[in-house]
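Below, each chain spelled out in residue letters.
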Amino acid sequence: MLEALEALEKRRAGARAGGGEKRVAAQHAKGKLTARERLEVLLDPESFEELDMYVEHNCVDFGMPDQVIPGDGVVTGSGTVNGRLVYVFSQDFTVFGGSLSERHAQKICKIMDMALKIGAPVIGLNDSGGARIQEGVASLGGYAEVFQRNVLASGVVPQLSLIMGPCAGGAVYSPAMTDFIFMVKDSSYMFVTGPDVVRTVTNEIVTQEELGGAITHTTKSSVADCAFENDVEALLAARDFIDFLPASNRTGVPARPSDDPWDRIEPSLDTLIPPSANQPYDMHELIVRTVDDGSFFELQPGHAGNILIGFGRIEGRTVGIVANQPMVLAGCLDINSSKKAARFVRFCDAFEIPIVTFVDVPGFLPGVGQEHSGIIKHGAKLLFAYAEATVPKITVITRKAYGGAYDVMASKHLRGDLNYAWPTAEIAVMGAKGAVEIIFRSKDPAEVAARTAEYEARFANPFVAASKGFIDEVILPHSTRRRVALGLRKLRNKRLENPWKKHDNIPL
């Protein structure tokens, strides 16, 4: 018996050693943690239970039978984050460069299948050189098996990808189909074709970082949601982030105790709106003063800054927040902001997370570039997302809500449950100056000025919309948190279903 136990310990030690001391040292020299070290940071102490530690590849070509390492380049299993169950896989770059083989893929698929059956989030730590070339089409088939499970899990359990090293070729499509992607600056990359191929085919000279680094994907492409300085920072952020998410689409939002009074008054909000309608203000101020303890986990902060998205809590329960940002492009909706917010709204709706929308939008961004790039179809994505959402939706208009953008931003007409406005709100087809120049285009400047003042007095307020029932109440800014908290309480048992369909056809 003792010999068997000793043999077991020896096998375990061999699996835990990964690619050996030399390769582990090379990983550390790059400022990167190993696959198992990452899991130690991500998961609660002593909570990780590993599966398939002894799995080995089945490749018989190119001398591979002589290169067998237990685990085959990925560590899989389950653990807890702040006491809540998650399933995880962590690719081990020290073993065959983390390359994906048939057995490697089977390990990932197994934990994804278990997460689906049980109803728990999946967190993938990606650090891989891609498909294992020695296995040929078998490794490609392994990727496709993982892709299929990403699709089946979408909208059923949350999926979070952390890119902590290279992720190239077909490997990028698994993270791309997960709900959120975190990257590490200067050490993680995502691209379909690398710099060498790009140079050969297009003669463009570009570095890995420029082509597919964390800054590129969190500012330009919007492929990733957040970029962090190092492995530890990314993993700790993932711990905080996963706390906002439900375990599955059947469990409801998590709740945590909060000492922040639900009816807290914020007098500073009464002076948030500047005296001039053309003067910007930071919408972050309203968000952090409304959510519990000022805690707001913002997503894609470096991309499409004219709209803000992220998670907060009200009375300890998760809410999704969407807000126009007057500091960037005056808060106009454009292609990038529409896509950014639409995907977030759909995630919240899939997982029964209430949506709170703060509105200050002068309209859609005009321009030939926007029109030719498809602002009509991209703007329709956000409209579609809000319209199909059946979760509780509370909207607060702080200042401008003009034209079609008023409709799009969770208006009463898109089944908004509670639609509030501050006294400073201006709800109209367009701004006074533009409206008067169209209606009274042949008048002299003095009359235009008089008509502009008349239009502002008549329409540059929330009361016309309120008189039609499009605004439920004009509220005092300092009571915004109280109103939102009360509304969410009332809507907790909301039941609303869309007509039966196999699935919708959102304008992609």
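Below, the structure is looked at part by part. This structure is a prediction, so every number in the text was calculated from the model and none was measured. (Residues numbered from 1 in each chain as written. Predicted model: local features only at pLDDT ≥ 70, side-chain atom pairs only at ≥ 80, totals over all residues. Heavy atoms only, no water.)

Turning our eyes to something else, we now look at the overall build of the protein. The helix and strand tally for the protein stands at 19 helices and 17 strands. Compactness check: the protein gives a C-alpha radius of gyration of 26 Å against a globular reference of 23 Å for 508 residues, within 12% of the reference. For the protein, the spread of C-alpha atoms along the three principal axes comes to 95 × 55 × 45 Å. Counting only residues that meet the buried cut, the protein has 52% of its 508 residues in that class. Pairs at least 24 apart in sequence give 73% of the contacts found in the protein among residues at least 6 apart. Split by element, the accessible area of the protein, about 23,000 Å² in all, is 56% carbon and sulfur. The centroid of the 54 positive side-chain charges in the protein is displaced by 5 Å from the centroid of its 62 negative side-chain charges. (Helix = DSSP H or I, 4+ residues; strand = E, 2+ residues; numbered from the N terminus. Rg over C-alpha atoms; globule rule 2.2 N^0.38 Å. Buried < 20%, exposed > 50% of the residue type's maximum accessible area, 1.4 Å probe, protein only. Contact = heavy atoms within 4.5 Å. Areas by Shrake-Rupley, 256 points an atom, 1.4 Å probe, with all protein chains shown as cover. Lys, Arg positive; Asp, Glu negative; His and termini not counted. Charge placed at Lys NZ, Arg CZ, Asp CG, Glu CD.)

With respect to the helices, strands and loops of the structure, Pro175 is situated in helix H6 (residues 173-176). Pro175 sits 49 residues away from Asn126 along the chain, and the two C-alpha atoms are 8.4 Å apart. Contacts of Pro175, omitting those with residues within four sequence positions, involve Asn126, Ser161, Ile163, Cys167, Ile181 and Met190.

Time to look at the pattern of salt bridges. In this structure the tally under the stated criterion is 24 salt bridges. Between Asp196 and Arg199 there is a salt bridge, with its nearest N and O atoms 3.1 Å apart. Of this pair, Asp196 and Arg199 both sit in helix H7 (residues 195-202), three residues apart, roughly one helical turn. When its relative accessible area of 51% is taken as the criterion, Asp196 is described as exposed. A salt bridge links Arg264 to Glu266; the shortest N-O distance between them is 2.7 Å. The structure contains a network of salt bridges with shared partners spanning Asp260, Arg264, Glu266, Glu285, Arg289, Asp292 and Arg481. (Salt bridge = Lys/Arg side-chain N within 4 Å of Asp/Glu carboxyl O.)

Looking now at the pairing of strand E7 (residues 180-184). Among the five residues of E7, five are classified as buried, and the element is accordingly described as predominantly covered. Along E7, one buried face is formed by Phe180, Phe182 and Val184 and the opposite face, lined by Ile181 and Met183, is buried too. Here strand E5 (residues 159-163) runs beside E7; their pairing, made up of four bridges, is parallel. Each bridged residue has a counterpart across the sheet, and for Leu160 the counterpart in E7 is Phe180. As paired strands, E7 and strand E9 (residues 226-228) are joined by three bridges and run parallel to one another. Bridge assignment links Met183 to a residue of E9, and that residue is Ala227. (Pairing = 2+ DSSP bridges.)

What describes two packed helices is the angle between their axes and the distance between those same axes. Between helix H3 (residues 35-42) and helix H10 (residues 231-242), whose axes approach to 9 Å, the crossing angle comes to 40°. By the angle between their axes, H3 is oblique relative to H10. Crossing angle aside, the handedness with which H3 passes H10 is right-handed. Touching Arg38, Val41 and Leu42 of H3 are Asp231, Val232, Leu235, Leu236, Ala238 and Arg239, all from H10. The residue makeup of the contact of H3 with H10, split by class, is six nonpolar, no polar and three charged. (Axes fitted to C-alpha atoms, helices over the stretch in contact; angles between N-to-C directions. Parallel < 35°, antiparallel > 145°, perpendicular 65-115°, else oblique. Left-handed = near helix turned anticlockwise from the far one by under 90°. Nonpolar A, V, L, I, M, F, W, Y, C, P; charged D, E, K, R; others polar.)

Per the stated rule, a full pass over the model turns up 14 aromatic pairs. An angle of 80° between the planes, with centres 5.0 Å apart, marks the rings of Phe180 and Phe241 as edge-to-face. Placement of Phe180 in strand E7 and of Phe241 in helix H10 is noted, with a sequence separation of 61 residues between them. Under the relative-accessibility criterion, Phe180 is labelled buried at 4%. Residue Phe241 is classed as buried on the basis of its relative accessible area, which comes to 0%. Here the aromatic rings of Phe180 and Phe311 are separated by 6.2 Å at their centres, their planes lie at 80°, and the arrangement is edge-to-face. With Phe180 in strand E7 and Phe311 in strand E11 (residues 307-314), this pair connects stretches of sequence that are 131 residues apart. By the burial criterion, Phe180 is buried, and Phe311 matches it. (Phe/Tyr/Trp six-rings, centres within 6.5 Å; stacked < 30°, edge-to-face > 60°.)

Pairing is mixed across the open sheet formed by seven strands, whose spatial order is E1-E2-E3-E4-E5-E7-E9. Only two strands of the sheet have a single partner each, and these edge strands are strand E1 (49-51) and E9. Averaged over all adjacent pairs, the angle separating strand axes in this sheet is 20°, with direction ignored. In terms of strand pairing, E1 meets strand E2 (residues 74-81) through three bridges, oriented antiparallel.

Moving on: the pairing of strand E15 (residues 418-421). Where burial is concerned, the two faces of E15 agree: the one with Leu418 and Tyr420 and the one with Asn419 and Ala421 are both buried. Summarising the sheet, strand E14 (residues 393-402) and E15 pair through four bridges and their orientation is parallel. Residue pairing across strands places Ile394 opposite Leu418, the latter belonging to E15. With helix H15 (residues 403-408) bridging E14 and its parallel neighbour E15, the resulting β-α-β unit is right-handed. Of the strand pairs in this sheet, E15 and strand E17 (residues 473-474) are connected by two bridges, and their pairing is parallel. The partner of Tyr420 across the bridge, within E17, is Glu473. (Right-handed = clockwise from strand over helix to strand, strands pointing away.)

Every buried residue belonging to helix H19 (residues 480-490) is among Thr480, Arg481, Val484, Ala485, Gly487 and Leu488, and all of these are buried. Along H19, the residues classed as buried sweep out an arc of 165° about the axis, all on the same side. Structurally, H19 contributes buried residues whose contacts are with helix H11 (283-290), E11, strand E12 (317-324), strand E13 (355-361), E14 and E15. (Arc of directions from axis to C-beta.)

All right, on to the packing of helix H4 (residues 102-118) against helix H5 (residues 137-153) then. For the pair H4 and H5, the least separation of the axes is 8 Å and the interaxial angle reads 15°. Comparing their axes, H5 and H4 come out roughly parallel. The two elements H4 and H5 meet at a crossing, and its hand is left-handed. Judged by residue contacts, Glu102, Ala105, Ile108, Cys109, Met112, Asp113 and Leu116 of H4 engage Ala138, Gly142, Glu145, Val146, Arg149, Asn150, Leu152 and Ala153 from H5.

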